[in-house]
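Single-letter residue listing:
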Amino acid sequence: MKYTTTKVDQVNWLASSKFQAFTESADKEYDSGAVFMKDGAVAGLVVNHVVGSTDDPMPASVMVEGYVLPDRLPVALTADQVTALKAIGIKFRGETAAPATESGTDTATSEN
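For the structure given in this document, a descriptive report is provided here.

Calculation criteria
Residues numbered from 1 in each chain as written. Predicted model: local features only at pLDDT ≥ 70, side-chain atom pairs only at ≥ 80, totals over all residues. Heavy atoms only, no water. Helix = DSSP H or I, 4+ residues; strand = E, 2+ residues; numbered from the N terminus. Buried < 20%, exposed > 50% of the residue type's maximum accessible area, 1.4 Å probe, protein only. Contact = heavy atoms within 4.5 Å. Areas by Shrake-Rupley, 256 points an atom, 1.4 Å probe, with all protein chains shown as cover. Core = buried A, V, L, I, M, F, W, Y, C linked by side-chain atoms within 4.5 Å. Polar contact = N/O pair within 3.5 Å; in protein donor to acceptor, adjacent residues only side chain to side chain. Phe/Tyr/Trp six-rings, centres within 6.5 Å; stacked < 30°, edge-to-face > 60°. Lys NZ or Arg CZ within 6 Å of the ring centre and 35° of its normal. Pairing = 2+ DSSP bridges.

Glancing now at the overall build of the protein. Within the protein, the regular secondary structure consists of 1 helix and 5 strands. Each helix and strand of the protein, ordered N terminal to C terminal, gives the series β-β-β-β-α-β. Counting every position in the protein, which comprises 112 residues, the buried fraction comes to 26%. If you take every contact in the protein between residues at least 6 apart in sequence, the share linking residues at least 24 apart comes to 57%. Accessible area for the protein stands at about 8,400 Å²; split by element, carbon and sulfur atoms hold 50% of it.

Encoded structure:
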């Protein structure tokens, strides 16, 4: 039996090996790192390259939580996509964190 090999040349855009992904039905071709749209809204980032069609949808692993290296994604994200992905739970490495706020604890000392 003869085997054929295919060389895949893609950049790793994951900033960590720990992430949460769910299986979605892809009805078109998605590159790894592409924004996955579901019902007209951003649903996450596609983890693996997948080739689906409306006639033959394929399962796609869609990342919904984890860390991403945004400069390595195959296509630059729009500001709206970044906002939607952050709301889902995706974090972007290289961005400055929001300043910490007080958690509501009273720091004043009381005299007895």
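With that settled, consider unusual backbone geometry. In most cases, non-glycine residues show a negative phi, while peptide bonds are predominantly trans. The phi dihedral of Asp39 is positive, around 55 degrees, even though this residue is not glycine. Position of Asp39 relative to the elements: it lies in the loop between strand S2 (35–38) and strand S3 (41–46).

Side chains that are nonpolar tend, in soluble globular proteins, to be buried together. Residues Trp13, Leu14, Val35, Leu45, Val47, Met63, Val68, Leu73, Val82, Leu85, Ile90 and Phe92 constitute the largest nonpolar core, which totals 12 residues. Among the secondary structure elements, those contributing two or more residues to this core are strand S4 (58–68), helix H1 (79–88) and strand S5 (90–92). Setting aside anything within four residues of it in sequence, one finds Ile90 in contact with Gly44, Leu45, Met63, Val64, Glu65, Gly66, Val68 and Leu85. The next biggest cluster of nonpolar side chains, apart from the first, holds 9 residues, and it includes Ala34, Val46, Ala60 and Val62.

Looking now at the environment of Lys38. Along the chain, Lys38 falls in strand S2. Residue Lys38 is classed as partly exposed on the basis of its relative accessible area, which comes to 39%. A C-alpha to C-alpha distance of 9.2 Å links Lys38 and Ala26, two positions 12 residues apart in sequence. In this view, Lys38 contacts Glu24 and Ala43; residues no more than four positions away in its chain are not counted. Engagement of the side chain of Lys38 in a polar contact is seen with the side chain of Glu24, the distance being 3.1 Å.

So, on to the packing of aromatic side chains. Inspection of every chain in the model, using the stated rule, returns 1 aromatic pair. The interplanar angle of 40 degrees and the centroid separation of 5.0 Å between the aromatic rings of Tyr30 and Phe36 together place this pair among those described as tilted. The aromatic ring of Tyr67 is capped on one face by Lys91, whose charged end is 5.4 Å from the ring centroid. The cationic tip of Arg93 hangs over the ring face of Tyr67; the distance from NZ or CZ to the ring centre is 4.4 Å.

Turning our attention to the side chain of Glu24. Looking at the element boundaries, Glu24 is found in strand S1 (residues 20–26). Glu24 has contacts with Phe36, Lys38, Met58, Pro59, Ala60 and Val62, leaving out every residue within four places of it along the chain.

Tracing the sequence through the fold places Glu65 in strand S4. Each C-alpha atom of the pair Glu65 and Phe19 lies 5.6 Å from the other, and the pair is 46 residues apart in sequence. Sequence-distant contacts of Glu65, that is, excluding residues within four places in its chain, are made with Phe19, Gln20, Gly89, Ile90 and Lys91.

Of the strand pairs in this sheet, S2 and S3 are connected by 4 bridges, and their pairing is antiparallel. What sits directly across from Met37, in S3, is Val42. The hairpin formed by S2 and S3 contains 2 residues between the paired strands, and Asp39 there has a positive phi angle of roughly 55 degrees.

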